[in-house]
Structure formats: structure tokens, C-alpha cells
Amino acid sequence: MLVEPPSEEDETIYLLKSEINKKHFLKALENVEKGNLVFVNLNEYEKFVFESQSYKIE
């Protein structure tokens, strides 16, 4: 298994390196400043994901 050493690089710096990530990040900041937030009930999300998966026990 390949494990990379932890990076000391700030996540914001990482996001700003890629133009696509930068645009997405800046748009997300703009939405937060405007109060345009989407609240997700993670319990319902987990229930949906779990129930939509089919598992086989062999």
C-alpha cells in the first residue's frame, strides 16, 4: 500500500492551484457570503446510499 506523507500545504492554496478548483472555491465562498446554503441531512443521505446498494454475501 502506498501512503503519502502528510502535506503541510494549506487546503486553500491547493484549491487555488487549479483553475477549475479555484472557480468552484470562489463561487462557494460567494454563496456562503450571500447566505445561499444547502443543508443536507446526512442521516437521510446515508440511508438512501445504503438502501440503494445491493450486497451479496458469499
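No experiment lies behind these values; they were computed from the predicted model shown.

### Notes on the overall build of the protein chain
On a plain count of helices and strands, the protein chain comes out with three helices and zero strands. Per-residue burial for the protein chain yields a buried fraction of 2% across its 58 residues.

### A look at a nonpolar patch on the surface
A grouping of Val38, Val40, Leu42 and Tyr45 is seen on the molecular surface, where their side chains present a nonpolar patch of about 460 Å² in accessible area. Here Val38 shows up in the loop between helix 2 (19–34) and helix 3 (42–52). We classify Val38 as exposed; its relative accessible area is 73%.

### Section: the pattern of salt bridges
Here the idea is simple: oppositely charged side chains can pair when their charged atoms come close. What the rule picks out here adds up to two salt bridges. Residues Lys27 and Glu30 are paired through a salt bridge, measuring 3.6 Å at the closest nitrogen-oxygen approach. One end of the pair is Lys27 and the other is Glu30, both in helix 2 and three residues apart, which spans about a single turn. By relative accessible area, which is 45% here, Lys27 ends up partly exposed. What makes Glu30 partly exposed here is its relative accessible area of 30%.

### Focus on the confidence of the model for the protein chain
The pLDDT averaged across the protein chain works out to 79; a share of 66% of its residues lies at or above 70. Mean pLDDT values over the elements of the protein chain span from 69, in helix 3, up to 93, in helix 2.

Procedures and definitions
Residues numbered from 1 in each chain as written. Predicted model: local features only at pLDDT ≥ 70, side-chain atom pairs only at ≥ 80, totals over all residues. Heavy atoms only, no water. Helix = DSSP H or I, 4+ residues; strand = E, 2+ residues; numbered from the N terminus. Buried < 20%, exposed > 50% of the residue type's maximum accessible area, 1.4 Å probe, protein only. Patch = residues over 30% accessible without salt bridge, like charges linked within 9 Å, V, L, I, M, F, W, Y side chains within 5 Å. Areas by Shrake-Rupley, 256 points an atom, 1.4 Å probe, with all protein chains shown as cover. Salt bridge = Lys/Arg side-chain N within 4 Å of Asp/Glu carboxyl O. pLDDT = per-residue confidence, 0-100.

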